[in-house]
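Chain residues, written in single-letter form:
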Amino acid sequence: MDTKTPLIGMTLPQLREVAAECGMKPFAAKQIARWLYEKRATDIDSMTDLSIRARQELDKRYCIGRQQPIARAVSSDGTVKYLFEGVGGRDIESVMIPDGERATLCVSSQAGCKMNCRFCMTGRQGFHGNLTAAAIINQVLSVDESQRLTNLVFMGMGEPMDNLDAVLTAIEILTAPWGLAWSPKRITVSSIGKIGELRRLITDTQVHVAISVHSPFGTERAGLMPVERAYPLVEVLDMLRGYDWRHQRRLSVEYIMWRGLNDDMRHADALARLLRGLHCRVNLIRFHAIPDVDLRSADSRTMVAFRDRLNDLGITATIRASRGEDIMAACGMLAGKKKEAGDQ
């Protein structure tokens, strides 16, 4: 394993510090950034507009930091799941979802998760560590489809608001003109609703936001998502009402549907009341069974009726297509891989 400091995951001000440390002029930082994020260099020696001496000095302390996937699995529907080296003894997963001309990458921000949601394999494995900005950006740069990605969602392993500094750094690299120069409209960040961190994300970026709701009733939601006790959903939604969701960016509500638990008209009516006055759309999601969890997905007819009821009540709702279930790549199924003794 390379013990040098990775260059990917660094912002332009950080690269200026690297350039100064290696005896280069400040403008060299933009040259390095171009090699990292535009030209996708995999070694320092290929940075040919830097002098040989500058490259030698850079190579003494730093490496590009790119790491190829450890494994790759392809679903019957074309979804591709990648396994990358993680932290704390747990590898992490990313999922590429093709849809016509779109190619969406679902990236992880943590190995495991502290939130312990009842229905999520990632949360049930415990927390193993935060990913660095380098590890997040590496997922974007190192999947086979990297050059044709159209969208990015922070909906993989982990709670992005629980590793916000690294997530914000990654977003800066993704959207800055010296980075990958993506529009923020191509990026969605999902959260369970840590209010202070969520407010910072909304204030500091223009990315789309998705909030995990799953029940309109606080007591019921707390049984599914312990975070409800610390950050009640009504308080999260009140905070979100203070922002403009009609222009520039979108707010989505994620709602997994379970048979006999949150799929009746009483829940639909309560959800509509809860969201009234908040410009958002609801994504209804089929539950994907995971080991040792006695929850079952709502049936298709019930989901359609629930969707239609929300739409009749003035709440835009759609049923999200399920992708990658046969390779354990669907929503809530990412678990990574535990490193065993002797694993390299």
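This text goes with the structure placed above it.
The rules we used
Residues numbered from 1 in each chain as written. Predicted model: local features only at pLDDT ≥ 70, side-chain atom pairs only at ≥ 80, totals over all residues. Heavy atoms only, no water. Phe/Tyr/Trp six-rings, centres within 6.5 Å; stacked < 30°, edge-to-face > 60°. Helix = DSSP H or I, 4+ residues; strand = E, 2+ residues; numbered from the N terminus. Lys NZ or Arg CZ within 6 Å of the ring centre and 35° of its normal. Axes fitted to C-alpha atoms, helices over the stretch in contact; angles between N-to-C directions. Left-handed = near helix turned anticlockwise from the far one by under 90°. Contact = heavy atoms within 4.5 Å. Nonpolar A, V, L, I, M, F, W, Y, C, P; charged D, E, K, R; others polar. Salt bridge = Lys/Arg side-chain N within 4 Å of Asp/Glu carboxyl O. Buried < 20%, exposed > 50% of the residue type's maximum accessible area, 1.4 Å probe, protein only. Arc of directions from axis to C-beta.

Novice: Before we move on, can you summarise the packing of aromatic side chains with the specific residues and values?
Specialist: Enumeration over the complete set of coordinates arrives at five aromatic pairs. Ring plane angle 50° and centroid distance 6.3 Å describe the contact between Tyr37 and Trp178, whose orientation is recorded as tilted. Here Trp178 lies in the loop between α6 (164-175) and β10 (187-191) and Tyr37 lies in helix α2 (residues 28-38), a separation of 141 residues in the sequence. Counting every residue linked through ring pairs, the aromatic cluster contains Phe119, Trp258 and Phe287. Above the ring of Trp35, the side-chain terminus of Lys39 is found at 4.2 Å from the ring centroid. Geometry around Phe127 places Lys114 over its ring, the cationic atom sitting 4.8 Å from the centre.

Novice: If you had to explain the packing of helix α1 (residues 12-21) against α2 to someone new, which residues and values would you point to?
Specialist: Orientation of α1 relative to α2, taken along the N-to-C sense of each, is 115°, at an axis distance of 8 Å. Here α1 runs over α2; the crossing is right-handed. Residues Leu12, Leu15, Arg16 and Ala19 of α1 touch α2, and the partners they reach there are Ala28, Ala29, Lys30, Ile32, Ala33 and Leu36. Of the residues contributing to the contact of α1 with α2, the split by class is eight nonpolar, no polar and two charged.

Novice: So what's going on with the pattern of salt bridges? Residues and values would help.
Specialist: According to the stated counting rule, one finds 19 salt bridges in the structure shown. Ionic pairing is found between Glu57 and Arg61, a salt bridge with its closest N-O pair at 3.4 Å. Here Glu57 pairs with Arg61, and both are found in helix α3 (residues 52-61), just four residues apart, close to one helical turn. A residue is classified by how much of its surface remains accessible, and Glu57, at 18% relative accessible area, is buried. Asp165 serves as the salt-bridge partner of Arg200, at 2.8 Å between the closest nitrogen and oxygen. A residue pair is termed long-range when its members are at least 10 positions apart, and Arg200 in helix α7 (residues 195-204) and Asp165 in helix α6 qualify at 35 residues.

Novice: Quick rundown of α7? Include the residues and the values.
Specialist: Among all positions of α7, only Ile195, Leu198, Leu201 and Ile202 are buried. Viewed along the axis of α7, the buried residues span an arc of 125°, placing them on a single side of the element. If you follow the buried residues of α7, they end up packed against α6, β10, β11 (208-212) and α10 (233-240).

Fair warning: the whole summary comes from geometry, so function is off the table for now.
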